[in-house]
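# Residue-level structure breakdown
Below are the chains, spelled out letter by letter.
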Amino acid sequence: MEIKSVALLGAGAVGSYIIWGLSRLENINFGVVAEGSRAERLQREGCLINNDIYRPQVWTPQEAQGVDLLIVALKYGALPEALPSIRTIAGSNTVVMSLMNGVDSEDIIAQVVARKQLLYSLIKIASHHEGRGVCFNPESTMGIVFGEVEPPFDSERALAVEKLMQKAAIHIRRTDCIKEEMWAKFRLNVCNNLPQAVIGVGLGCYKDSSHMQAISQGLRQELEAIAAAKGIDIDKCAKSSNHGSAAAPYTRFSTLQDLDAGRHTEIDMFSGALMKMGQELGIPTPFNAYTYHIIKALEEKNDGLFDYTGKNEESICAN
């Protein structure tokens, strides 16, 4: 099997890494799927990545129909409304990879695509927005981890994807325990991404504060209890899966970046999903429940819900 056509759905921070890599390849028909004003903007402005402008083809879902490989790199909240596009793009022989955070995007995509077409995967990349562009260090980026959920792990399609990404200088690692790897990354996101977002500080907080360590540990214990109840042995995967891309103490992960920019976060995919799983399994999740609600409240603050300026002429102090 040889992959000759690739469609990308989602041209944000994760998608930019794919654009950066695949745009350099000859003899690959590669395009970003977009419609309406987003398509117009991509065609007009291109994608600013590491201070260079890339101009991939921009396809409608119909133009992308039947590609060899579909990569989904959307924000979690955008996935449900993208399902009709995914259904249109994916032909019967299309391999579908989701690089989205969390542990349930494949289950959602399986509503419109045969599960046998899914090649489970994750991505680890420390990227940030600068102006309207995305920046990352290609050398230190850990990249894609992927694999079949059952033997043969060296399937024809897995080897074809691996070969394609290696040609594109995209870092990639094949594994025979992809679900455990996904939960390991999920644990990193929940334990490191969320607490720093609540207080609005860089990654160094976990080293410098025992209180931040306690919050992170509480989230971790709840997640690991749910994983164990689902039969997921996170310790099964390589030790390297417990680490993300190299990051400085001032690093602000995606949830905090979203709050900084006034955007809604992916908290539903993190603590929101764990709360639902905990309810189904009868496992309490108080740390995740608090984290979920406080980040939702921070989103409301960004939306202006708590702007009480000028609503009362008199100030009242409560002691």
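Structural notes, computed from the coordinates. Predicted model only: the values in this text are computed from it and were never measured.

In this section: the sheet that holds strand 8 (residues 120-124). An order of 8-11-12 is seen for the three strands of this open sheet, with the pairing classed as mixed. Two strands in the sheet have a free side with no partner beyond their single neighbour: strand 8 and strand 12 (172-174). Strand-to-strand, the axes of this sheet are offset by a mean angle of 20°, without reference to chain direction. Here helix 5 (residues 156-167) sits on the sheet in contact with strand 11 (143-147) and strand 12, set at roughly 160° to strand 12.

Moving on: the state of the cysteines. Summed over all chains, the structure comprises zero disulfides. No disulfide involves Cys191; its sulfur sits 12 Å from that of Cys205, the nearest cysteine.

To continue, consider the packing of helix 10 (residues 268-281) against helix 11 (residues 286-302). Axis angle and axis distance: for two packed helices, these are the angle between their axes and the distance between the axes, and together they describe the pair. Across the interface, helix 10 lies against helix 11 with an axial gap of 9 Å and an inter-helix angle of 140°. If you check the angle between helix 10 and helix 11, you find them oblique. Crossing geometry of helix 10 relative to helix 11 is assigned as left-handed. For the pair helix 10 and helix 11, the contacting residues are Asp268, Ser271, Gly272, Leu274 and Met275 in the first and Asn288, Ala289, Thr291, Tyr292, His293 and Lys296 in the second. Counted by class, the contact of helix 10 with helix 11 contains four nonpolar, five polar and two charged residues.

This paragraph deals with the side chain of Thr291. With respect to the helices and strands, the residue Thr291 is situated in helix 11. What makes Thr291 buried here is its relative accessible area of 4%. Not counting the four nearest positions on each side in its chain, Thr291 is found in contact with Leu194, Val198, Leu219, Ile267 and Ser271.

A few words now on the pairing of strand 1 (residues 5-9). In terms of burial, strand 1 is largely enclosed, as five of its five residues are buried. Burial along strand 1 is two-sided: Ser5, Ala7 and Leu9 and Val6 and Leu8, pointing in opposite directions, are all buried. Both strand 1 and strand 2 (residues 29-33) contribute to a ladder of four bridges, which runs parallel. Bridge pairing in strand 2 places Ser5 opposite Asn29. In this region the chain leaves strand 1, passes through helix 1 (residues 13-22) and returns to the parallel neighbour strand 2; the handedness of that crossover is right-handed.

Turning our eyes to something else, we now look at the packing of aromatic side chains. All told, the structure shown has five aromatic pairs when counted by the stated rule. Centroid distance Tyr17 to Trp20: 5.7 Å. Interplanar angle 10°. Geometry classified as stacked. In this pair, Tyr17 and Trp20 are both assigned in helix 1, three residues apart and thus about one turn of the helix distant. For the pair formed by Tyr17 and Trp20, the shared burial category is buried. The interplanar angle of 90° and the centroid separation of 5.5 Å between the aromatic rings of Trp183 and Phe186 together place this pair among those described as edge-to-face. Separated by three residues within a single helix, Trp183 and Phe186 lie in helix 6 (residues 178-199), roughly one turn from each other. In terms of burial, Trp183 and Phe186 fall into one category: buried. Put simply, the rings of Tyr17, Trp20 and Phe136 touch in pairs and so form one group of aromatic residues. Positioned above the aromatic ring of Trp20 is the side chain of Arg24, whose terminal nitrogen or guanidinium carbon lies 4.1 Å from the ring centre.

The next subject is the nonpolar core. Counting 56 residues, the largest nonpolar core has Leu70, Val72, Leu79, Ile86, Trp183 and Phe186 as the members making the most contacts within it. Tallying contributions element by element places helix 6 first for this core, with nine residues. In this structure Ile86 touches Leu9, Leu70, Val72, Leu79, Ile109, Val112 and Val113, once residues within four positions along its chain are discounted. One finds Ile49, Val58, Val161 and Leu164 within the second-largest nonpolar core, a separate group that totals 41 residues.

Thresholds, definitions, all that
- Residues numbered from 1 in each chain as written.
- Predicted model: local features only at pLDDT ≥ 70, side-chain atom pairs only at ≥ 80, totals over all residues.
- Heavy atoms only, no water.
- Pairing = 2+ DSSP bridges.
- Helix = DSSP H or I, 4+ residues; strand = E, 2+ residues; numbered from the N terminus.
- Axes fitted to C-alpha atoms, helices over the stretch in contact; angles between N-to-C directions.
- Contact = heavy atoms within 4.5 Å.
- Disulfide = S-S within 2.5 Å.
- Parallel < 35°, antiparallel > 145°, perpendicular 65-115°, else oblique.
- Left-handed = near helix turned anticlockwise from the far one by under 90°.
- Nonpolar A, V, L, I, M, F, W, Y, C, P; charged D, E, K, R; others polar.
- Buried < 20%, exposed > 50% of the residue type's maximum accessible area, 1.4 Å probe, protein only.
- Right-handed = clockwise from strand over helix to strand, strands pointing away.
- Phe/Tyr/Trp six-rings, centres within 6.5 Å; stacked < 30°, edge-to-face > 60°.
- Lys NZ or Arg CZ within 6 Å of the ring centre and 35° of its normal.
- Core = buried A, V, L, I, M, F, W, Y, C linked by side-chain atoms within 4.5 Å.

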